[in-house]
Amino acid sequence: MLLPVSADDWSSPRPSNVYFLGDVLNIQASVNQASHVPLRLFVDSCVATLTSDPTSSPSYTFIGNYGCLIDAKVTGSSSHFMPRPQDVTKLQMVLDAFRFHNDANSSIYMTCHLKVTAASQAVDNLDKACYPVGNSWSSVDGSDQVCSCCDSSCSPVSKSRYFGRYRRDLAFKEGKDPLPGCACGTGV
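Please read all numbers here as calculations on a predicted model, not as lab measurements.

Undergrad: Before we go on, may I ask you to explain unusual backbone geometry in this structure?
TA: Residues other than glycine predominantly adopt negative phi, and peptide bonds predominantly adopt the trans conformation. Across the junction of Ser57 and Pro58, the peptide omega takes the value 5 degrees, indicating a cis bond. Relative to the elements of secondary structure, Pro58 occurs in the loop between strand S3 (39–49) and strand S4 (59–64). Positive phi outside glycine occurs at Tyr66, with the angle close to 60 degrees. Tracing the sequence through the fold places Tyr66 in the loop between S4 and strand S5 (68–69). Residue class for Tyr66 comes out partly exposed when judged on its relative accessible area of 30%.

Undergrad: Would you mind showing me how to read the environment of Ser78 here?
TA: Secondary-structure assignment places Ser78 in the loop between helix H1 (71–75) and strand S6 (80–81). Taking the C-alpha atoms as reference points, Ser78 and Val133, separated by 55 residues in sequence, lie 9.7 Å from one another. A polar contact is formed between the side chain of Ser78 and the side chain of Asp96, at a distance of 2.9 Å.

Undergrad: I would appreciate a short explanation of the pattern of salt bridges in the present structure.
TA: Once the charged atoms of two side chains with opposite charge are near each other, the side chains can pair. In total, this model carries five salt bridges according to the counting rule given. Among the ionic pairs, Asp141 bridges to Arg40, the shortest N-O distance being 3.1 Å. Highlighted residues: Asp141 in the loop between strand S10 (136–139) and helix H2 (157–173) and Arg40 in strand S3, separated in sequence by 101 residues. Judged by its relative accessible area of 12%, Arg40 falls in the buried class. The salt bridge involving Asp127 is made with Lys115; its shortest N-O contact spans 2.7 Å. One end of the pair, Asp127, is in the loop between strand S8 (109–118) and strand S9 (130–133); the other, Lys115, is in strand S8, and 12 residues separate them in sequence. Of the two residues examined, Asp127 and Lys115, each falls in the buried class. What emerges from the salt-bridge pattern is a single network uniting Arg40, Arg84 and Asp141.

Undergrad: Teacher, can you tell me more about the side chain of Asp124 here?
TA: On the secondary structure map, Asp124 appears in the loop between S8 and S9. There is a polar contact of 2.9 Å between the side chain of Asp124 and the backbone nitrogen of Leu126. There is a polar contact of 2.8 Å between the side chain of Asp124 and the backbone nitrogen of Asp127.

Undergrad: Would you mind showing me how to read the nonpolar core here?
TA: In globular proteins that are soluble, nonpolar side chains generally tend to be buried together. In this structure, Val43, Phe62, Ile63, Leu69, Phe81, Leu91 and Met93 are the most contacted members of the largest nonpolar core, which totals 24 residues. The set of elements that each furnish at least two residues to this core consists of strand S2 (24–30), S3, S4 and strand S7 (90–96). When residues of this core are assigned to their parent elements, the largest contribution, four residues, is made by S3. Discounting residues that sit within four places of it in the chain, Ile63 has contacts with Val43, Asp44, Ser45, Cys46, Cys68, Leu69, Ile70, Phe81 and Met93. Membership of the second largest hydrophobic core comes to 10 residues, among which are Val123, Trp137, Val146 and Cys154.

Quick notes on the rules
- The numbers attached to residues start from 1 for each chain and follow its sequence in the written order.
- Predicted model: local features are reported for residues with pLDDT of at least 70 only, side-chain atom pairs are reported and counted for 80 or more only, and whole-chain, interface and lining totals are derived from all residues.
- The side-chain numbers reported here are obtained from all heavy atoms of the structure, hydrogens and water having been left aside.
- Going along the chain from the N terminus, every DSSP run of H or I of four or more residues is numbered as a helix, and every run of E of two or more is numbered as a strand.
- Residue burial is assigned from relative accessible area. The probe radius is 1.4 Å, only protein chains are included, and a residue is buried under 20% of its type maximum, exposed over 50%, and partly exposed in between.
- Any N or O atom pair separated by 3.5 Å or less is treated as a polar contact, with the protein-specific requirement of one donor-capable and one acceptor-capable atom, and with residues adjacent in sequence counted only for side-chain atom pairs.
- A pair is scored as a salt bridge if a Lys or Arg side-chain nitrogen falls within 4 Å of a carboxyl oxygen belonging to Asp or Glu.
- Residues belong to one nonpolar core when they are buried, are Ala, Val, Leu, Ile, Met, Phe, Trp, Tyr or Cys, and are joined through side-chain atoms within 4.5 Å.
- Note on contacts: a residue pair is in contact if any heavy atoms of the two residues lie within 4.5 Å.

So this is what it looks like as structure tokens:
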């Protein structure tokens, strides 16, 4: 997966990595699909730091909560995701240039956690790309309802049901009774 800074027209890498306050960073994430089933790319989180260590301090999380671009909500910037191109293996974002307060360091490191899902899988509260528009949130995939948790906590609750089912299915395959006293799935 790649996360290069793009030129203004998104067609090529930007010739310089130097930015000034007021500039805009065009960042494009992409994944090489190769011979995989069709894939859709998401950015779960991104953090900016003064060193290459993403856990160092100070830090600034500008994408969090499983794909919510919180920078514009927090700072009032114009940062946003671009409408997703036809190719869902790409995701583009516009980020206003920034620096850490009271720090003269000229370099900022950005570390992002990217993930892919099958393109046929519906977007949900854990697999999304959302950005603020006024007082609400918008999804690059058109499913704005999945962004409703961006102002609170996007919990993996919906996924845990599948995990529980997987655990029960695994127990049946191993010949164990996943629910003692239950004849579930045993033909009894």
